[in-house]
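Here is what each chain is made of, one letter per residue.
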Amino acid sequence: MINPLAQELNETLKGSVVDGLMSEMGTRLYFPNGIISQGGEAAKDAKTANGTIGMCVAGGVPVELESYKKNMPALGPRETVAYAKTAGNPDLRNIWKEKIIEKNPSLKDKKFSTPILVPGLTAVLSYVCDLFVEPGKPLLAADPCWDNYELIASARCNAEFHQFKCFENGKFNIPDIEAKMKADAEKYGSVRVILNFPQNPSGYSPTKDEAKALVKIVKEIAESGKKVIVLSDDAYFGLNYEDDIEPQSLFAYLCDLHENVLAIKADGPTKEDFAWGFRTGFITFGSKGLNDAQISALTTKFMSAIRSSVSCSSTPSQTLVMKALADPEHAAQKKELRAMLQRRYDAVKKFVTTHKSSVLEPLPFNSGYFMSFNVKTGNAEDIRKKLLAQEGIGIIQIDANTLRVAFSSIDEEKIEAVYASIYSVAESM
């Protein structure tokens, strides 16, 4: 039986693109009028005493052990040990929205949600799948792709996991993604596709023309009457090393493309701001025709997914991110580290374009943290194991035919020797 609060949200979303895409779990989710909401009311009006939230408070301030405080002397207890709000610190959410617009100027006058904060970008993917993916509602992703996509869609949500061939003849495979999206639209009546740029594991981002082609495909499917979710996994956003790459997220073009398109953006400081262990990610969504009440209702659905799993995200991480974004040196420090990645990319690019292998074929790459090889003969896992045992070099086997190398974690001066070893071991198999 569906809770009345869930029914109320579903009624608000009725007739919208969200209504036609939600999973059964999505329809069941609601935010309870319980501890969190009642605690929120008390925070405003409980002037005498507030006995709602399960924290230890003295003099109106959360208590803090000295063993914690001495390692975070510049931060107060509300910034460290206090519970965070379910959807994240409101100030940080608003700042991140401003940053999204700053990095994607096409969004300036467009309507989209305030980002919802979650514990890492994996949580974004998980919650999106909770709401929209299930048996009969498959997820489409690239081949090759990050292994967590299939784990979340298939093992967690019991849904089919479909893939399009990411590259063909050394180019991004526009024809195959179009064919696979239109096939899903025809068979299931809707499409759920995740587009990850810069891509993991290949390190590829679309050119400006390729981005336009992707938007055109989505629009054609929407205009045919089918509903489409496009989840833009922007974990490595902005780490571009070539001039012809589309500089904006596809979300900037999709969030108001058509009433049948729900665009969702997954991003955060994890990779693009070099804060991997903070586990701070954001869900942002938009669709042409979604009104304020419907945006609020879908935000509440996501808050329900958060509340029923991790409850809320880490307060210290949110505090540190917010303070870093306000630091006048932040942008310059990021620029310096991105220049370092550019140099590593340039070194890798130079090596693979000047060395040939009968076994390894570099997949297209132009951005992000990684590049990958297609293993033309033999088995990728055999090469990985021999490289580790014989040369002490670790790389990742994505599947039987794909090896991923994170040049982001290899010092520039080691790159030529590391890649020479990779080629040598592959040729010896």
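For the structure itself, consult the block above.
Residues numbered from 1 in each chain as written. Predicted model: local features only at pLDDT ≥ 70, side-chain atom pairs only at ≥ 80, totals over all residues. Heavy atoms only, no water.

(A) Main features of unusual backbone geometry. Looking along the chain, the bond that leaves Asp143 and enters Pro144 is cis, with omega of 10 degrees. Tracing the chain through its elements places Pro144 in the loop between β4 (139–143) and α7 (147–156). A cis geometry characterises the amide bond from Phe197 onward to Pro198, with omega recorded as -10 degrees. Residue placement: Pro198 occurs in the loop between β8 (190–196) and α9 (208–223). Phi angles above zero are rare outside glycine, and Phe274 is one such case at about 60 degrees. Among the residues examined, Phe274 registers a relative accessible area of 15% and is labelled buried. At Ser311, a position not held by glycine, the phi torsion is positive, near 75 degrees. Looking at the secondary structure, you find Ser311 in the loop between α12 (292–307) and α13 (315–326). (Helix = DSSP H or I, 4+ residues; strand = E, 2+ residues; numbered from the N terminus. Buried < 20%, exposed > 50% of the residue type's maximum accessible area, 1.4 Å probe, protein only.)

(B) Looking closely at the packing of helix α6 (residues 121–132) against α7. Between α6 and α7, whose axes approach to 10 Å, the crossing angle comes to 30 degrees. Taken together, the axes of α6 and α7 lie roughly parallel to each other. Every pair of crossing elements has a handedness; the one defined by α6 and α7 is right-handed. Note on element contacts: α7 touches α6 through Asn148, Tyr149, Ile152 and Arg156, opposite Thr122, Leu125, Ser126, Cys129 and Asp130. (Axes fitted to C-alpha atoms, helices over the stretch in contact; angles between N-to-C directions. Parallel < 35°, antiparallel > 145°, perpendicular 65-115°, else oblique. Left-handed = near helix turned anticlockwise from the far one by under 90°. Contact = heavy atoms within 4.5 Å.)

(C) Layout of the environment of Gly394. Within the fold, Gly394 resides in the loop between α15 (380–391) and β14 (396–399). Sequence separation between Gly394 and Ala406 is twelve residues; the distance between their C-alpha atoms is 9.5 Å.

(D) Representation of the nonpolar core. Formed by 45 residues in total, the largest nonpolar core has its most connected members in Val18, Phe132, Leu262, Ile264, Phe285, Leu298 and Phe302. Considering every element that reaches this core, the biggest residue donor is α6, with eight residues. When residues no more than four places from it in sequence are discounted, the contact partners of Phe132 are Val18, Leu21, Met22, Ser23, Lys137, Arg192, Ile229, Leu262, Ile264, Leu298 and Phe302. The next biggest cluster of nonpolar side chains, apart from the first, holds 43 residues, and it includes Phe172, Ile174, Met181 and Tyr204. (Core = buried A, V, L, I, M, F, W, Y, C linked by side-chain atoms within 4.5 Å.)

(E) Fine view of the packing of aromatic side chains. For the coordinates displayed, the defined rule picks out 21 aromatic pairs. Both rings, one in Phe167 and one in Phe172, keep their centres 6.4 Å apart while their planes meet at 80 degrees; by these two values the pair is edge-to-face. Centroid distance Phe274 to Trp276: 6.1 Å. Interplanar angle 75 degrees. Geometry classified as edge-to-face. Every member of this aromatic cluster is reached through a ring pair, and the members are Phe164, Phe167, Phe172, Phe197 and Tyr204. For the cation-ring pair, Lys103 lies above Trp96, with the distance from its terminal atom to the ring centre recorded as 4.5 Å. Here the guanidinium or amino end of Lys349 rests over the ring plane of Phe365, the centre of that ring lying 4.2 Å away. (Phe/Tyr/Trp six-rings, centres within 6.5 Å; stacked < 30°, edge-to-face > 60°. Lys NZ or Arg CZ within 6 Å of the ring centre and 35° of its normal.)

(F) Region of interest: the sheet that holds β14. With respect to topology, four strands assemble into an open sheet ordered β12-β13-β15-β14, the strand pairing being antiparallel. The open sheet is flanked by β12 (360–362) and β14, the only strands paired with a single partner. Between one strand axis and the next, the sheet turns through 35 degrees on average, direction left out of account. Docked against the sheet, α15 engages β12, β13 (370–375), β14 and β15 (402–406), running at close to 175 degrees with respect to β14. (Pairing = 2+ DSSP bridges.)

(G) Representation of a nonpolar patch on the surface in the model. The grouping of Leu65, Tyr68 and Val81 at the surface amounts to a nonpolar patch, some 280 Å² of accessible area in total. Tracing the chain through its elements places Leu65 in the loop between β2 (61–62) and α4 (66–69). (Patch = residues over 30% accessible without salt bridge, like charges linked within 9 Å, V, L, I, M, F, W, Y side chains within 5 Å. Areas by Shrake-Rupley, 256 points an atom, 1.4 Å probe, with all protein chains shown as cover. Salt bridge = Lys/Arg side-chain N within 4 Å of Asp/Glu carboxyl O.)

(H) Expanded view of α15. Relative to the 16 Å expected for twelve residues at 1.5 Å per residue, α15 spans 16 Å between its end C-alpha atoms, a close match to the ideal helical length. Three or more residues of α15 are buried, namely Ala380, Glu381, Ile383 and Leu387. Each buried residue of α15 sits inside an arc of 165 degrees when the element is viewed along its axis, so together they form one side. Sitting at the head of α15, Asn379 places a side-chain oxygen 2.8 Å from the backbone nitrogen of Glu381. (Expected span 1.5 Å × (residues − 1). Arc of directions from axis to C-beta. Polar contact = N/O pair within 3.5 Å; in protein donor to acceptor, adjacent residues only side chain to side chain.)

(I) Local environment of the state of the cysteines. Considering all chains together, one arrives at zero disulfides under this definition. Left unpaired, Cys166 is separated from the closest cysteine sulfur, that of Cys145, by 9.2 Å. (Disulfide = S-S within 2.5 Å.)

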